[in-house]
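# Chains, contacts and geometry: an overview
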Amino acid sequence: MFKGGCLCKAINYEVTGGIKFSVLCFCRECQNISGGGHLPQMAVDRDTVTMIGPLKIRTWKSESGNDIEHAFCSECGSSIYKSTSMMPENIFLVAGSLDDPSIFKADQRVYEDSRQPWDRG
Ligand SMILES: [Zn+2]
Ligand SMILES: [Zn+2]
């Protein structure tokens, strides 16, 4: 079990399941969302997450035609998770939202074609 939330502490979540896999994503969307070169994120079962707080969800269609969700705190703007209709059972919590971000370990790096030369990730 592990916990996380946002910068202003309005959002808190608790995950009772394990981390299924984790990635550093270098795609342009994740660069925009993170404000940096990549977004560290981990897949967990949606059903194992309990979340409270003023979560705002923005949805759009990716270039590959999947429905993408980006969930963030409507008070402070911190990213909490992304999800894709390709894997609807999962949400991808962002590593920086963890109460203890040191538990995050990246298994894979994806969309490296979009990696910026200044981001060694
Ligand atoms: Zn917040
Ligand atoms: Zn991405």
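Up top is the structure.
Summary of the structure given here. Going along each chain's sequence as written, the residues are numbered from 1 onward. Here the convention is simple: chains get letters from A, ligands get numbers from 1, in the order in which they are written. Given that the model is predicted, a residue must reach a pLDDT of at least 70 before its local features are reported, and side-chain atom pairs must reach 80 or more before they are shown or counted; all residues, however, enter totals for whole chains, interfaces and linings.

### Here we look at the sheet that holds strand S1 (residues 2–5)
Note on pairing: two strands pair once DSSP finds at least 2 bridges between them. To qualify as a helix, a DSSP run of H or I must reach at least 4 residues; to qualify as a strand, a run of E must reach at least 2; elements of each kind are numbered from the N terminus. Taken together, the three strands give an open sheet; going across it, the order is S1-S2-S5, and neighbouring strands pair in antiparallel fashion. The sheet is open, and its two borders are formed by S1 and strand S5 (49–52), each paired with just one other strand. Here the average twist between neighbouring strands, direction ignored, is 15°. In this structure, S1 lies alongside strand S2 (residues 12–15), joined through four bridges in antiparallel fashion. Note that in S2 the partner of Lys3 across the bridge is Glu14. Working convention: axes come from line fits to C-alpha atoms, limited for helices to the stretch in contact. Angles between N-to-C directions cover 0 to 180 degrees.

### Looking at unusual backbone geometry
In this structure, Lys9 takes a positive phi of about 70° despite not being glycine. Tracing the backbone shows Lys9 in the loop between S1 and S2. Of note in this structure, Tyr111 is not a glycine but carries a positive phi near 55°. Mapped onto the fold, Tyr111 is located in the segment after strand S10 (108–110). Given 17 C-beta atoms within 10 Å, Tyr111 falls into the partly exposed group. To sort residues by burial, count the other C-beta atoms lying within 10 Å of each one's C-beta; a count of 20 or more means buried, 12 or fewer means exposed, and anything in between means partly exposed. C-beta atoms are built from the backbone.

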